[in-house]
Amino acid sequence: MAASLIGGLVAQSELSAERISVFEPDSDKAKALAQKFGIHAASSNEALIARSSIIVIAVKPQVLHAVITPLATTLKKHNPLIISIVAGITSTSIEQCLTGQFSIARVMPNTPALIGQGASGLFANERVSDAQKSATDAIANAVGVSAWVDNESDIDSITALSGSGPAYFMLFLQGLIESGEAAGLSHETAQTLAVQTANGTAQLVASSELALQTLIDNVTSPNGTTEKALLSFKESDLKGIINDAFSAAKNRSEELAKELA
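All figures in this text were calculated on a predicted structure; none of them were measured in a lab. One numbering rule holds for all chains: residues counted from 1, following each sequence as written. Reporting of local features is limited, given that this is a predicted model, to residues whose pLDDT is at least 70; pairs of side-chain atoms are given and counted only at 80 or more, and all residues count toward the totals for whole chains, interfaces and linings. As a rule here, side-chain values come from all non-hydrogen atoms in the structure, and water together with hydrogens is ignored.

A. Molecular detail of unusual backbone geometry. You will see that Asn79, though not glycine, has its phi angle at about 50°, which is positive. For the purposes of this entry, the term helix denotes a DSSP run of H or I that reaches at least four residues, the term strand denotes a run of E that reaches at least two, and both are numbered from the N terminus. Take Asn79: it is sitting in the loop between α5 (72-78) and β4 (81-84). What makes Asn79 partly exposed here is its relative accessible area of 46%. If you check the backbone angles, Asn223 has positive phi at about 60° while not being a glycine. Secondary-structure assignment places Asn223 in the loop between α11 (212-218) and α12 (225-235). Partly exposed describes any residue whose relative accessible area lies between the buried limit of under 20% and the exposed limit of over 50%, with all areas from a 1.4 Å probe on protein chains only and scaled to the type maximum. Residue Asn223 is classed as exposed on the basis of its relative accessible area of 60%.

B. Structural view of the packing of aromatic side chains. In this analysis, rings of Phe, Tyr and Trp, with Trp reduced to its six-membered ring, are considered paired at centre separations within 6.5 Å, and the interplanar angle assigns stacked below 30 degrees, edge-to-face beyond 60, and tilted for intermediate values. Within the structure shown, the criterion is met by one aromatic pair. Sitting over a ring, as applied to charges here, requires NZ of Lys or CZ of Arg to be within 6 Å of the ring centre and within 35 degrees of the ring normal. Sitting over the ring of Trp148, Lys133 keeps its end group 4.5 Å from the ring centre.

C. Quick peek at the pattern of salt bridges. Whenever Lys or Arg places a side-chain nitrogen within 4 Å of a carboxyl oxygen from Asp or Glu, that contact is recorded as a salt bridge. A complete count under the given rule lists six salt bridges for this structure. Residue Arg127 is joined to Glu95 by a salt bridge in which the shortest nitrogen-to-oxygen separation is 2.6 Å. In this pair, Arg127 is assigned in the loop between β6 (118-124) and α7 (130-141) and Glu95 in helix α6 (residues 91-98), connecting sequence segments 32 residues apart. On the accessibility criterion, Arg127 (26% relative accessible area) is partly exposed. The partner of Glu152 in a salt bridge is Arg106, with the nearest N and O atoms 3.0 Å apart. Highlighted residues: Glu152 in the loop between β7 (144-148) and α8 (154-163) and Arg106 in strand β5 (residues 104-108), separated in sequence by 46 residues. A single network of salt bridges, built from pairs that share partners, joins Glu95, Glu126 and Arg127.

D. Region of interest: the nonpolar core. For our purposes a nonpolar core is just a set of buried Ala, Val, Leu, Ile, Met, Phe, Trp, Tyr and Cys residues, chained together by side-chain atoms within 4.5 Å. Grouped together as the largest cluster of nonpolar side chains are 22 residues, with contacts concentrated most on Ile6, Ile39, Ile83 and Val107. Examining the composition of this core, we find that three residues originate from one element, helix α1 (residues 2-11), more than from any other. In this analysis, two residues are considered to be in contact whenever any of their non-hydrogen atoms come within 4.5 Å of each other. Not counting residues up to four positions away in its chain, the partners in contact with Ile83 are Ile54, Ile55, Val56, Ile57, Ala105, Val107, Thr136 and Ile139. With 18 residues, the next largest nonpolar core counts Ala42, Ile57, Leu71 and Ala72 among its residues.

E. Examining the environment of Ile155 more closely. One can find Ile155 in helix α8. Overall, the relative accessible area of 1% leaves Ile155 in the buried class. The sequence separation of Ile155 and Gln203 amounts to 48 residues, and the corresponding C-alpha distance is 25 Å. Not counting residues up to four positions away in its chain, the partners in contact with Ile155 are Arg106, Met108, Gly121, Leu122, Phe123 and Val149.

Written as structure tokens, this is what we have:
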């Protein structure tokens with residue numbers, strides 16, 4: 001995900017490559033990132049912080065404490081904006097690790113960010129300035145679109161909606177493709193048409209000013225094929241199933257935040 005953010009920033013000229021630094025403990029990976037994007041490979045986290053006004057933390061939640069605790073003194077000295085894309089770790093937990101108060105923004109991206117089509121939820125604590133929020137916007141939007149929430153607890157809902165959401169659509173696509181194959185279509189034909197249908201529908205919804213229900217009605221003829229399929233979904237309580245899945249993901253996000261605090 002960090003590489004995706006770097007690539008997006010460089011590609012969109014949000015930042016010149018020479019202004020971007022990365023520290024990666026694997027020297028081969030660090031060298032590869034530097035060569036690929038033309039960025040600076042810092043010799044240590046401390047060296048990176050010393051030359052940066054914005055720090056993006058992109059590590060696994062389980063190692064966050066071990067990574068940032070030794071950096072507390074350096075971070076207090078330079079006082080950068082801290083942007084965390086670490087899942088499940090609250091801004092309060094980060095400040096507790098660092099034993100101080102910092103400007104912290106959280107970004108919850110999703111995997112389509114890897115191809116510049118991400119959807120990110122953003123939260124900023126009360127110490128983040130308007131200029132720092134704009135900088136956070138620029139970083140998140142370099143790999144897709146973003147939306148701010150006022151309450152940090154809403155990040156759990158964002159996680160359930162767009163963070164985990166790609167897997168929901170992929171599962172639906174998988175089921176649709178397998179149904180097409182079972183009906184006699186080749187895998188290639190079923191996948192090509194299903195994927196393009198999903199892509200085209202998403203673009204249609206994004207570009208239309210009509211309500212979703214109106215768009216659904218427009219493709220649904222009385223007593224036609226679409227109506228029969230939608231009635232089947234209704235009888236199976238598809239919306240209830242989706243709500244249950246959303247709640248399960250949100251509850252687990254809340255649990256993880258407590259476990260990782």
